[in-house]
Protein chains: 4
Amino acid sequence: MIAVLKNGVTEAQKNNLIDWLKSLGLGVHVSEGQYQTVLGLIGDTSKVDIDLLNGLDIIDNVTRISEPFKCANRRFHPQDTIVEVGLGSNKVKIGGGNFAIIAGPCSVESEEQIIEVAKAVKQSGATLLRGGAFKPRTSPYDFQGLHGEGLKLLRKAREATGLPIVTEIMSAAHLDLFEDVDLIQVGARNMQNFELLKELGRLRRPILLKRGLANTLKELLMSAEYIMSEGNENVILCERGIRSFDTYTRNVLDLSAVPMLKELSHLPIIVDPSHATGKSRLVKPMSMAATASGADGLIIEVHNDPIHALCDGAQSLTPEQFDEVAKKVFTIREIL
Amino acid sequence: MIAVLKNGVTEAQKNNLIDWLKSLGLGVHVSEGQYQTVLGLIGDTSKVDIDLLNGLDIIDNVTRISEPFKCANRRFHPQDTIVEVGLGSNKVKIGGGNFAIIAGPCSVESEEQIIEVAKAVKQSGATLLRGGAFKPRTSPYDFQGLHGEGLKLLRKAREATGLPIVTEIMSAAHLDLFEDVDLIQVGARNMQNFELLKELGRLRRPILLKRGLANTLKELLMSAEYIMSEGNENVILCERGIRSFDTYTRNVLDLSAVPMLKELSHLPIIVDPSHATGKSRLVKPMSMAATASGADGLIIEVHNDPIHALCDGAQSLTPEQFDEVAKKVFTIREIL
Amino acid sequence: MIAVLKNGVTEAQKNNLIDWLKSLGLGVHVSEGQYQTVLGLIGDTSKVDIDLLNGLDIIDNVTRISEPFKCANRRFHPQDTIVEVGLGSNKVKIGGGNFAIIAGPCSVESEEQIIEVAKAVKQSGATLLRGGAFKPRTSPYDFQGLHGEGLKLLRKAREATGLPIVTEIMSAAHLDLFEDVDLIQVGARNMQNFELLKELGRLRRPILLKRGLANTLKELLMSAEYIMSEGNENVILCERGIRSFDTYTRNVLDLSAVPMLKELSHLPIIVDPSHATGKSRLVKPMSMAATASGADGLIIEVHNDPIHALCDGAQSLTPEQFDEVAKKVFTIREIL
Amino acid sequence: MIAVLKNGVTEAQKNNLIDWLKSLGLGVHVSEGQYQTVLGLIGDTSKVDIDLLNGLDIIDNVTRISEPFKCANRRFHPQDTIVEVGLGSNKVKIGGGNFAIIAGPCSVESEEQIIEVAKAVKQSGATLLRGGAFKPRTSPYDFQGLHGEGLKLLRKAREATGLPIVTEIMSAAHLDLFEDVDLIQVGARNMQNFELLKELGRLRRPILLKRGLANTLKELLMSAEYIMSEGNENVILCERGIRSFDTYTRNVLDLSAVPMLKELSHLPIIVDPSHATGKSRLVKPMSMAATASGADGLIIEVHNDPIHALCDGAQSLTPEQFDEVAKKVFTIREIL
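Only a predicted model underlies this, so the values are computations on that prediction, with no experimental measurement involved.

A.B. asks: I keep staring at the interface of chain B and chain A and nothing clicks. Help me out?
C.D. replies: Note: interface size is frequently given as the accessible area lost on complex formation between the parts. On the chain A side, the residues contacting the 58 residues of chain B number 58 residues. Where chain B abuts chain A, roughly 4,800 Å² becomes buried across the two surfaces, and 51% of that area is made up of carbon and sulfur atoms. For the pair chain B and chain A, the number of links is 2 salt bridges. Here Arg243 of chain B makes a salt bridge to Glu219 of chain A, at a shortest N to O gap of 2.4 Å. Linking chain B with chain A are 14 residue pairs in polar contact (both at pLDDT 80 or more), by the criterion used here. Looking at the side of chain B that touches chain A, the elements that each hand over two or more residues are helix 1 (11-23), helix 2 (50-55), helix 5 (194-201) and helix 6 (217-228) of chain B. Along the lines of polarity and charge, the residues of the side of chain B that touches chain A split into 22 nonpolar, 18 polar and 18 charged.

Right under this line is the structure:
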């Protein structure tokens, strides 16, 4: 970590700061420049609060040299992590060259619906089933999901098709209900719900961690670190679009996040083109682009009756449309 | 709510959509234009999912005419809400012309620290004491607060000074510990932790709801609505800076949010200049500007030993600096 | 255009507004709702200033139903526009199924450099040569390009290879120098330099219009409209990354802009993965992703000696790297 | 400037880079850490391209220690700059404790209009007159201003009232028409029109430089540097709101920019609350807040007939409203 002092700092101020840094157990290397003094901090700087330093009146700027994330860092773990989801013969691998499509409706609505969709997407090549039982909605008046009942229906669909199930958790208080969920999803709005992340870190089940609406890649990796530092290393990252000023698309899908995250971290990274764009007609080109960018998988909304979907139907594909998308995606995977 | 259909939509598609809208209990007024058909939806549209409509292939765009928030809406509640915080003779009113300064350290660190700061800020005119016991930190390796111990120290400072206490909650699982906290704060990262908001809605204690890092004013009001629709109408909104592209200041303090929120809602709105800027030397001008913009109060970080603060000390004022800020702020209040 | 009046507007205010709207030659359709009055404006609303209406105290909100762009609008021009660049046998088509790669160095530096790069990229399949002679730099102290001398060297490279040349203009005062440039580029920082756009609209040569750093798709199309409304319909749009909060990548490449712009407009759209990411190692995955998203072409920086490039070398590929990228891109084109 | 090398960089790569840096005339101080090598670059680094370094494959990150702006930098020019606008007895000072209000209509429309408004705002305490003759509009179909005719009318209003005039330039080709304009404004969309900035740098007349829609403070200062490095040191900076995700206000007014810019630079900084909010009812609280934040002046839109304003009337005050705002603003100035 490198701290640059302001021009005009007194010797006393400088020594005060250096003493304090040393009291944190750091080595301090002082280099006097023409206009400014530069302090190089040596040792375990992961515990130094960069915002604190940055805000001090005598500091011009501070730069962290080594990344503050450790468990998620490729530097200390050069090989790709492969996350295994599900049990026995239905087990699916994600990462390290293993590509998977997660598909299913935004919300679980009925037994008939979820089983029908599950069979259709399996037929087209999806290897995991998604479906929302707890739905984070901006408005308290919007449909919030079937909760425990929705989880039961997901299990029935798993029995019927063998597909491992993926669904979102909104509070650690619901963990009992999620006991046999194969892949637990943390939504964008909870990416920095640190208490939830710590609870999930105490499990050993795989976690699908979605990037927040306006969060940086470093913040996403720090949230993964919350889970991993508690002992759960089965984390899959998910790029799902970030907020932009544009009004035609709901979010902007940040596909350069895929190769960038792969450089920074060993964790698998998948892409959600449905939530990113909010329009089903953009899901096909964005699924193909995400695959070409090197993603380890996709999570796509599929509904057997879009117009009547209780939520987000607009971004859902019909099973026929999904089949077409999956075919194109698998062709692109072959080129890579 | 007004939905504009795309050019070239067939009669069958249009009628399908109208039938579905009517099945939701809405009246539909059709108006055929030169290029496009416009549907006016009449009745309780608060349950219509605008994203669903917007995403349909036959829809060009949708506009909500009446706001989706009801409890927080000034239209249905024209007078300012006054929130009362604390008990008996120490009760403090916020809103409706009542201005309050909340002050105290970022984190509670020791009995000596919190009592000393509490006495100092009371002396300067603060009427509530803040102090963090649970700290949301981007990194799992940063100091996370003293938890239950911190809350005990806050209570001691309340006993010593009579100041009602304000502190942040990070999980509904901690509610027991917050039983006699006078004003419970929801931090920016939890603004859309809807399960937490619903739990707080079941209390009758006042809630301080901070705006998320990249959230709109409508989203802030919808989160207030989550609390209020459960029955707790004691909500105070807090502008604390939103993310910007600039690198010199941590966030950009959106002071136009103050008069805008006052127009949209009857809830009190206070401003946090410490977190917004991240630099103690900007707290004074921003406190004065926030007061001049019409805010109902301020929440300011004050620490008796900035350099050794375990977190965020850089944005904290010393008690002497705070005294100077408070004097200027009260002078500006007199002009308004 | 639909204008929603505020609750509580008087009859006199309403009639005043309606009279004024009629004086602009518009028909006004009034519809009284439970809480609010809605005005439907009929006729040529492209001249109504939406910001003016939106700002009036008696107005709640205004929505434009038909897009304010006409020449660029696919509604009035359903077939894809094909832009032809260059002369005679070297002519290159872009759009309507015609895919092209523009490649070359960020800045033209010497005759040897530009000719060597031109030959190499032609060999790998590029059909146009780019090279900067006028460089928009954030700092006045950074290298600003070789100006007229750079344009001469580009012409020599065109003679040597037959590749049409693409280069950026920064002021209409330089138009003489650009007389035989095949494709004139308007950079992101000048996307709303309306005086320059109008001048370019009076030419008949093709214009490559780059999206601004934080501009919406509608603003990009309105800037294209500035050129087209003066009579020059040869406009190619370029997505080159928009500003985001992330610090690892320079910008975020918005690939959903590609299918979205194709829906809104008939103009060709190409993608610049080099400027978007600022890192040469991200150019390959992003070139593949852009191609998979349906772009009509790519513009890629290639340099024969990256470390010594006078500017932006970091985002440049070597000719060998470019050859590998081009091969992958052409394979993906075959699938589409 | 400090450059951190990636882990795993070879000796050869490192030496190559160091040789190249030395060839630029820089001293290089090498410090080997536990995981990474850090290079400290000594000498005139203002000519080093930080983007080039940042993009190199062997570089982890680069930090500039000294700011890249020199003429605008307070470090080398500690006293406040005072810009003088206008001639003789009508001369107005801005900066260094001198506060000024610029007021007038968005667009000049007629002789009667501009003279009436000029007299009214002078009466209320404004000391400069603004009025647009060239208007940058997103749409080519919106009103673009009266051009040369508008400038003539501004001169008549100056004759009638003695107020120096402020108006926007959109192209260096119009400079003849601006010969006796007292303060030439560069609008937000042209903040990085570097060719225009350089031309204005060759004048000696004062320039009002507005911050771009999504530009950082550093970029604003670098644009000021373009003007100043050509010899014109009479630059006034203007904060006028930056783009945000919110939809209720047009932009977010960044008032923390005021004290931050004053710390970084010696140039005066004024605030435009009219364009920032887009709503006349927000102009009063934001004018008061801007004054309290320490701004050296305000630029406010005033119109004698808002509903008929050809453009931006929604954000204009009536003269009566302006009078009330000015009174409040002057009261706040007295406190400071």
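Past the structure itself, the notes keep going.
A.B. asks: Sorry if this is basic, but what is going on with the sheet that holds strand 2 (residues 27-32) of chain B here?
C.D. replies: Each strand in a sheet pairs with another by means of backbone hydrogen bonds, the pair being arranged parallel or else antiparallel. Residue and element names in this part refer to chain B. A sheet is described by the order of its strands in space; here 4 strands give the open sequence 2-3-1-4, paired in antiparallel fashion. Since the sheet does not close on itself, it has two edges, and those belong to strand 2 and strand 4 (59-63), each with one partner. The average angle at which neighbouring strand axes cross in this sheet is 20°, direction not considered. Relative to strand 3 (residues 37-42), strand 1 (residues 2-5) is paired through 3 bridges, and the arrangement is antiparallel. Bridge assignment links Ile2 to a residue of strand 3, and that residue is Gly40.

A.B. asks: So what exactly am I meant to see when it comes to the side chain of Ser293 of chain A here?
C.D. replies: On the secondary structure map, Ser293 of chain A appears in the loop between helix 9 (283-292) and strand 14 (297-301). Classification of Ser293 of chain A by relative accessible area gives buried; the value is 5%. One polar contact links the side chain of Ser293 of chain A to the main-chain carbonyl oxygen of Ala290 of chain A, over a distance of 2.7 Å. When sequence neighbours within four positions are dropped, the list of residues in contact with Ser293 of chain A reads Leu255, Val258 and Pro259 of chain A together with Pro285, Met286 and Ala289 of chain C.

A.B. asks: Looking at this model, I keep getting lost on the relation of the copies chain C and chain A. Mind explaining?
C.D. replies: Copy one and copy two of the chain differ by a rotation about an axis and a translation along that axis. Rotating chain C by 180° about the axis while translating it 0.0 Å along that axis superimposes it on chain A, leaving an RMSD of 0.0 Å. Put plainly, the chains are arranged around a two-fold axis. Within chain C, the C-alpha atom positioned nearest to the axis of rotation is that of Ala289 of chain C, 2.0 Å from it. Mapped onto chain A, 100% of the interface residues of chain C again fall at the interface, so both copies present the same surface.

A.B. asks: I would appreciate a short explanation of the sheet that holds strand 4 (residues 59-63) of chain D in the present structure.
C.D. replies: Residue and element names in this part refer to chain D. If you walk across this open sheet you meet the 4 strands as 2-3-1-4, and the pairing is antiparallel. With one partner strand each, in any of the chains shown, strand 2 (27-32) and strand 4 form the two edges of the open sheet. With direction set aside, neighbouring strand axes in the sheet form an average angle of 20°.

A.B. asks: Explain the packing of helix 5 (residues 194-201) of chain C against helix 6 (residues 217-228) of chain C here, please?
C.D. replies: Residues and elements named next belong to chain C. Running from N to C, helix 5 and helix 6 point in directions that differ by 45°, and their axes come no closer than 7 Å. Judged by the inter-axis angle, helix 5 sits oblique to helix 6. Judged by residue contacts, Phe194, Leu197, Lys198, Leu200 and Gly201 of helix 5 engage Ser223, Tyr226 and Ile227 from helix 6. Of the residues belonging to the contact of helix 5 with helix 6, the class tally is 5 nonpolar, 2 polar and 1 charged.

A.B. asks: Can you walk me through the interface of chain C and chain A in this structure?
C.D. replies: Facing 38 residues of chain C, the contacting portion of chain A comprises 38 residues. Summing both sides of the interface, chain C and chain A together bury roughly 3,100 Å²; the carbon and sulfur share of this comes to 71%. Its largest share of buried area at the contact with chain A, chain C owes to Tyr248, Ser256 and Ile335 of chain C, together 21% of the area lost on that side. In this assembly, chain C and chain A are joined by 2 salt bridges. Of all the secondary structure elements, the ones that give two or more residues to the side of chain C that touches chain A are helix 6, helix 7 (257-264), helix 9 (283-292) and helix 10 (319-335) of chain C. By residue number, the principal contributor to the side of chain C that touches chain A is helix 9 of chain C, which donates 5 residues. Residue classes in the side of chain C that touches chain A are distributed as 21 nonpolar, 8 polar and 9 charged.

Rules of the game
Residues numbered from 1 in each chain as written. Chains lettered and ligands numbered in written order. Predicted model: local features only at pLDDT ≥ 70, side-chain atom pairs only at ≥ 80, totals over all residues. Heavy atoms only, no water. Contact = heavy atoms within 4.5 Å. Buried area = accessible area lost by both parts, 1.4 Å probe. Salt bridge = Lys/Arg side-chain N within 4 Å of Asp/Glu carboxyl O. Polar contact = N/O pair within 3.5 Å; in protein donor to acceptor, adjacent residues only side chain to side chain. Helix = DSSP H or I, 4+ residues; strand = E, 2+ residues; numbered from the N terminus. Nonpolar A, V, L, I, M, F, W, Y, C, P; charged D, E, K, R; others polar. Pairing = 2+ DSSP bridges. Axes fitted to C-alpha atoms, helices over the stretch in contact; angles between N-to-C directions. Buried < 20%, exposed > 50% of the residue type's maximum accessible area, 1.4 Å probe, protein only. Least-squares fit on C-alpha atoms with pLDDT ≥ 70 in both. Parallel < 35°, antiparallel > 145°, perpendicular 65-115°, else oblique.

All we've got here are geometric facts, nothing functional implied.
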